[in-house]
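Residue-level structural notes
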Amino acid sequence: MELKGKVALVTGASRGIGRAIALRLAQAGADIALIYASNGQAAQEAAGQVEALGVRALALRADVSDFAQAQAAYAQVKEALGAPDILVNNAGITRDGLAMRMSQADFDRVVQVNLNGAFYLTRAALPDFVRRRSGRIINITSVSGLDGNPGQANYAASKAGLVGLTKALAREVAPRGITVNAVAPGFVDTDMTAAMNPDTLAQALKLVPMGRAAQPQEIAGAVAFLAGPDAGYITGQVLRVDGGM
Ligand code: NAP
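Residues numbered from 1 in each chain as written. Predicted model: local features only at pLDDT ≥ 70, side-chain atom pairs only at ≥ 80, totals over all residues. Heavy atoms only, no water.

1. Notes on the layout of surface pockets
Here is the rule: Two kinds of site are reported from a 1 Å grid over the protein atoms alone, namely cavities, where a 1.4 Å probe fits but cannot get out, and pockets, open sets with protein on both sides within 12 Å along at least five of seven lines, and residues are called lining when an atom falls within 4 Å of a point. Grid points are joined across faces, edges and corners, and a volume is the space filled by probe spheres set on the points. Charged means Asp, Glu, Lys or Arg here, nonpolar means Ala, Val, Leu, Ile, Met, Phe, Trp, Tyr, Cys or Pro, and polar covers whatever is left, Gly included.
One number sums up the size of the second largest pocket: a volume of about 160 Å³. In terms of lining, the second largest pocket is formed by 13 residues, of which the most central are Lys-6, Asp-85, Gly-135, Arg-136 and Ala-227. Residues belonging to the lining of the second largest pocket are distributed by class as follows: four nonpolar, four polar and five charged.

2. Remarks on the side chain of Asp-31
The line we're drawing: Under the DSSP-based scheme used, a helix requires at least four consecutive residues in state H or I and a strand at least two consecutive residues in state E, with every element numbered from the N terminus. Under the rule applied, a polar contact is a pair of N or O atoms within 3.5 Å (in protein, one hydrogen donor and one hydrogen acceptor; residues adjacent in sequence only if both atoms are side-chain atoms).
Along the polypeptide, Asp-31 turns up in strand β2 (residues 31–36). Of note is the side chain of Asp-31, whose polar atom sits 2.8 Å from the backbone nitrogen of Arg-56.

3. Quick word on helix α9 (residues 216–227)
For clarity, the cut-off: Here, expected helix span is obtained from the residue count minus one, scaled by 1.5 Å. Note on exposure labels: buried denotes an accessible area under 20% of the residue type's maximum, exposed denotes more than 50%, and partly exposed covers the range between, all computed with a 1.4 Å probe on protein chains only.
Compared with the 16 Å implied by 1.5 Å per residue over twelve residues, the 17 Å span of α9 between its first and last C-alpha is a close match. For α9, the full list of buried residues reads Pro-216, Ile-219, Ala-220, Ala-222, Val-223, Ala-224, Leu-226 and Ala-227.

4. Brief notes about the nonpolar core
The condition is simple: Buried Ala, Val, Leu, Ile, Met, Phe, Trp, Tyr and Cys residues form a nonpolar core when they are joined through side-chain atoms within 4.5 Å. In what follows, residue pairs with any heavy atoms lying within 4.5 Å of each other are defined as contacts.
Within the largest apolar cluster, 38 residues are counted, with the highest numbers of intra-cluster contacts made by Ile-21, Leu-25, Ile-32, Leu-34, Val-50, Val-88 and Val-183. Looking at this core, the elements with two or more residues in it are β1 (7–11), α1 (16–27), β2, α2 (40–51), β3 (57–61), β4 (86–89), β5 (135–140) and α9. For this core, the leading source of residues is α9, giving seven residues. Excluding its chain neighbours within four sequence positions, the residues that come into contact with Val-183 are Ile-138, Asn-139, Ile-140, Thr-141, Ser-142, Ile-219, Ala-222, Val-223, Leu-226, Leu-239 and Val-241. Within the second largest apolar cluster, 27 residues are counted, among which are Ala-33, Ala-91, Leu-126 and Ile-137.

5. Things to note about the sheet that holds strand β6 (residues 178–185)
This is how the line gets drawn: Two strands are counted as paired when DSSP detects at least two bridges linking them. Fitted lines through C-alpha atoms give the axes, limited to the stretch in contact for helices. The angle between two N-to-C directions lies from 0 to 180 degrees.
In space, the seven strands of this open sheet follow the order β3-β2-β1-β4-β5-β6-β7, with parallel pairing throughout. Of all strands in the sheet, those bounded by a partner on one side alone are β3 and β7 (238–241). The average undirected angle you get between the axes of adjacent strands in this sheet is 15 degrees. Note that β6 and β7 share four bridges and pair parallel. Residue pairing for β7: Ala-182 is matched across the bridge by Val-238. Contacting β5, β6 and β7, helix α6 (residues 153–173) crosses the sheet at an angle of about 160 degrees to β6. Lying over the sheet, α9 contacts β4, β5, β6 and β7, oriented at roughly 165 degrees with respect to β6.

Shown next as structure tokens:
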């Protein structure tokens, strides 16, 4: 129960990696705010699973890519659960396609959700973190943002942007006792990878030395470490959780 009494805000927590993170942080004793985009049923189910672990849960619908909605969601969380101690920017989308044929809308939307969304929630949380002189920010990037991946110019750019955001902010707020780190998963067994062409996924998994995709819980464990007391002196880092890629 290392996080007992803490409040964690996890974006994209209705499904997949975000839900696993919410449950893992709840297991460690944190109260959890779960932000989702549209899947209210999944979000309520995830919140129920969190509460079953004996902590408080609040599921909130908000589009993180909308500055006003992000601010309003943060304020609602603060009102209901208290100011968060941990912010996990996990919400993310893909709109894959070759750059030559990619629409402006598909490029813009992916960057807006994956990168701007993380900044908007961070911007909402920072004044409280700075005032309290503590806080943990964990951004979920991707190996795609570190190594590149054909068909993902928009996604890789957004995830590389998150790495820059992580490193710049880490230096900025380190004197205030706040750490900022990123976790870079490889392939993870979620709806996002289920939407991939099965042949492309099979080919991609051949490049994973461990020969399999990660389970969402394996990403959540890394996030819990970075949110916990053992990671107090770690900041500005990108932790790859990728089966050896
Ligand atoms: P997922 O199963 O598709 O779930 C995406 C989550 O993000 C859902 O909770 C969704 O809410 C939420 N979301 C999407 N757009 C949003 C918005 N505009 N505002 C608020 N919430 C929004 O995805 P996942 O595979 O768990 O991925 C989670 C994160 O890990 C993403 O950042 C992804 O890029 C990253 N990642 C994934 C993999 C992988 O292989 N799966 C690998 C590397 C990195 P709704 O349920 O309401 O739609």
